Amino acid sequence: MSLTVIPSHAIFLPHSPFLKPLLFPSTTFSSSNANLRRSGRKSLPLHYQNQGASVESLDLKVQHPEMSNNLYPDIEPYNTGYLKVSDIHTLFYEQSGNPSGYPIVFIHGGPGGGTSPSNRKFFDPEFYRIILFDQRGAGKSTPHACLVENTTWNLIEDIEKLREHLEIPEWQIFGGSWGSTLALAYSQSYPDKVTGLVLRGIFLLRQKEIDWFYEGGAATIFPDAWEPFRDLIPKSERGCFIKAYHKRLNSDDKEIQYAASRAWTKWEMMTAHLIPNEVTLKKGDDDEFCLAFARIENHYFMNKGFFPSDSFLLDNIDKIKHINTVIVQVHASFLPMFQVVPDAGHSANESGISDQLVAATNKLKDIIKEK
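The structure displayed is predicted, hence computed values, not measured ones.

What to know about the environment of methionine 302
Within the secondary structure, methionine 302 sits in helix α9 (residues 287-302). Residue methionine 302 is classed as partly exposed on the basis of its relative accessible area of 33%. Each C-alpha atom, one on methionine 302 and one on glutamine 207, is 9.9 Å from the other, the two residues being 95 residues apart in sequence. What methionine 302 contacts, discounting residues up to four positions off in sequence, is Ile242, Lys243 and His246.

Spelled out as structure tokens, the structure:
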């Protein structure tokens, strides 16, 4: 059947992965799209095709960015640790919330973004056993910014090793942006271990998505942010920015690495929010964060996510059709498939989006309680 979704809603699909050929109509940005952001229009419908799935639209009453949201209070972990997952890599992980609660694992974005304390606040700490971990080379995991043995398939197996290490029979998965990519890939590899999915700002790591964001398409929306990213690269190498940055991010000269990683990270941070966020922007001044974020992300994009085909995640979507899924695909997610609308951008930390994410985890909580 055909479905129209207003982007200020989340989509709940009971026992269905999500919409296929899915959430991504071929919508390209242009300067006229950017004008919509300035025009004050409140929403534009997104038309998706559903392969017979039962779909419920959740009215989550999204607030404007300047208003308060419904995040849970700050909490501290009750357990932290390191898990050696290979001869080279050791992962940092933490647990918070209810030690006897329902397990949910947070999969961070990037790749290379790492976790932060605010990630715990999407989940009811009385109900959930909240697991956060830093992927290979990111955050507190070691070695820092390492690209060796760092592929999607390595990360999938790391998640499974963490589940076994924590003696968790099955769990919910929460992931946004690259985290949604990895959440889908893990779920398709271990569909019997996943009871629910919350996916935000879905990113399938297809070539057209990468090209649009890093090869000039997004520049029509963020021209001021694009100029420093572009200008670091000589005109003779601007035929492929991913490749040009790869060369510099893997230079033998550390200063060249840092300069490239700062430019790459600042471009990402400046486009993550519809309304600039100072906390996010400051990440672009942290050389250690930038190095891991830029090197790992570029490494994955150069290698097309290490997937065997461009449509790999869509081709295997039937493997997870039994999993309860909430998709929060809100407002102006600055990936190439969505129309730009006001109030929020791609970041999970904007009020409207975070409200929906909390509602999504509560929706799955209610399903569990009803069983």
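Some details on unusual backbone geometry
Here glycine 110 and proline 111 are connected by a cis peptide whose omega angle stands at 0 degrees. For proline 111, the location among the structural elements is in the loop between β7 (102-107) and β8 (128-133). Of the consecutive residues threonine 142 and proline 143, the connecting peptide bond is found in the cis state with omega at -5 degrees. Phi is positive for glutamate 167, close to 55 degrees, though the residue is something other than glycine. Here glutamate 167 shows up in the loop between α2 (152-165) and β9 (171-176). In this structure, serine 177 takes a positive phi of about 60 degrees despite not being glycine. Turning to its location among the elements, serine 177 is positioned in the loop between β9 and α3 (178-189). We classify serine 177 as buried; its relative accessible area is 14%.

Remarks on the nonpolar core
Counting residues in each nonpolar core, the largest one holds 71 residues, and the members touching the most others are Ile173, Tyr214, Tyr245, Trp264, Trp267 and Phe301. It is α9 that provides the largest number of residues to this core, a total of eight residues. Counting 22 residues, the second largest nonpolar core, distinct from the first, contains Ile104, Ile130, Val328 and Ile367.

Here we look at the confidence of the model for the protein chain
For the protein chain, per-residue confidence averages 80 on the pLDDT scale, and 73% of positions sit at 70 or higher. In the predicted structure, residues 331-347 sits below a pLDDT of 50 and forms 98 contacts with residues beyond four places in sequence or in another chain.

What to know about the pairing of β8
Across the six residues that make up β8, a large majority, six, are buried. In this structure, strand β6 (residues 90-97) lies alongside β8, joined through five bridges in antiparallel fashion. Paired with tyrosine 93 across the two strands is phenylalanine 133, which belongs to β8. Here β7 pairs with β8 via five bridges, running parallel. Bridging from a neighbouring strand, isoleucine 104 pairs with isoleucine 130 of β8.

Thresholds applied
Residues numbered from 1 in each chain as written. Predicted model: local features only at pLDDT ≥ 70, side-chain atom pairs only at ≥ 80, totals over all residues. Heavy atoms only, no water. Helix = DSSP H or I, 4+ residues; strand = E, 2+ residues; numbered from the N terminus. Buried < 20%, exposed > 50% of the residue type's maximum accessible area, 1.4 Å probe, protein only. Contact = heavy atoms within 4.5 Å. Core = buried A, V, L, I, M, F, W, Y, C linked by side-chain atoms within 4.5 Å. pLDDT = per-residue confidence, 0-100. Pairing = 2+ DSSP bridges.

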